[in-house]
Amino acid sequence: MPTDDTAPPASPRPRRPAKAAAASAPVGSATSEVVEAGAAIEAQRVDVRMGAVGRVDSTEISVHQGAIGGARADRITIERGAIGGALAREVQLSQGVARGVLARSVRIEQSVVRSVVAADVTTGGPTFIGVLLARRVVGDVKVLLDWRGALAFGAAAGLVSGLIRRVARRTGRS
C-alpha cells in the first residue's frame, strides 16, 4: 500500500481564546465558555470547579476544589481551594488556603491564610492567620501577628537597631 508523504501535516487543535469576555452580557443571562487552564478571565460570574485560573476579574467568583492566582470581584467564595490574592468586597473561605486577602468583610472557616486586611473578620473552626489587620474580629482564631504584636515587634526591632548603631559608633571612634 503506497503512502502519500506529500500530504500536509494535520493542524494542531485550535486554541481557545485566553479571555472569556462576558462582562457585556446583561445581568441574569447565562453565559458560559470553556477556557484553558491558567488563562485570564473577565466575566460577570465565574465558577471554577477542579481547575486552576491565573487571574479573574469578575462580579462574583466561586471556586470549588480549584485554585486562582489572583482575583478581583465583589464577592469571592472558595471551598476546598486556594487563592494567591483576593481583592473583594466580601470573601468567604472554607477549608482552603489563601496567600493574601484584602476585603471589607471576610469569613474564614477551617483554613490557613497568610495575611488578611479587612474591616470585619469572622472565623469558625480551627483557623490560622499569619498577619491580621482588622477593625473587628469575631470567632476563635490563631494569629501569628496582629496589630498589637506588629507594634511591639517594631518597637523592639527599633530599640535593638538603635543599640547596635550606638555600639558600632563607639567602637568605630576608638
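Residues numbered from 1 in each chain as written. Predicted model: local features only at pLDDT ≥ 70, side-chain atom pairs only at ≥ 80, totals over all residues. Heavy atoms only, no water.

A. Expanded view of the pairing of strand β4 (residues 82-94). Strand direction decides the pairing type here: strand β3 (residues 67-79) and β4, joined by 11 bridges, are parallel. Within the sheet, the bridge partner assigned to Ala-71 lies in β4 and is Ala-86. In this structure, β4 lies alongside strand β5 (residues 97-109), joined through 11 bridges in parallel fashion. Considered in β5, the bridge of Ser-94 is made with Glu-109. (Pairing = 2+ DSSP bridges. Helix = DSSP H or I, 4+ residues; strand = E, 2+ residues; numbered from the N terminus.)

B. View of the confidence of the model for the protein chain. Taken residue by residue, the protein chain gives an average pLDDT of 79. The fraction at 70 or more is 76%. Looking across the protein chain, the model is least confident in strand β1 (residues 40-49), with a mean pLDDT of 80, and most confident in β5, with 95. Here residues 7-33 is modelled with pLDDT under 50, and outside its nearest four sequence neighbours on either side it reaches 27 contacts, counting other chains as well. (pLDDT = per-residue confidence, 0-100. Contact = heavy atoms within 4.5 Å.)

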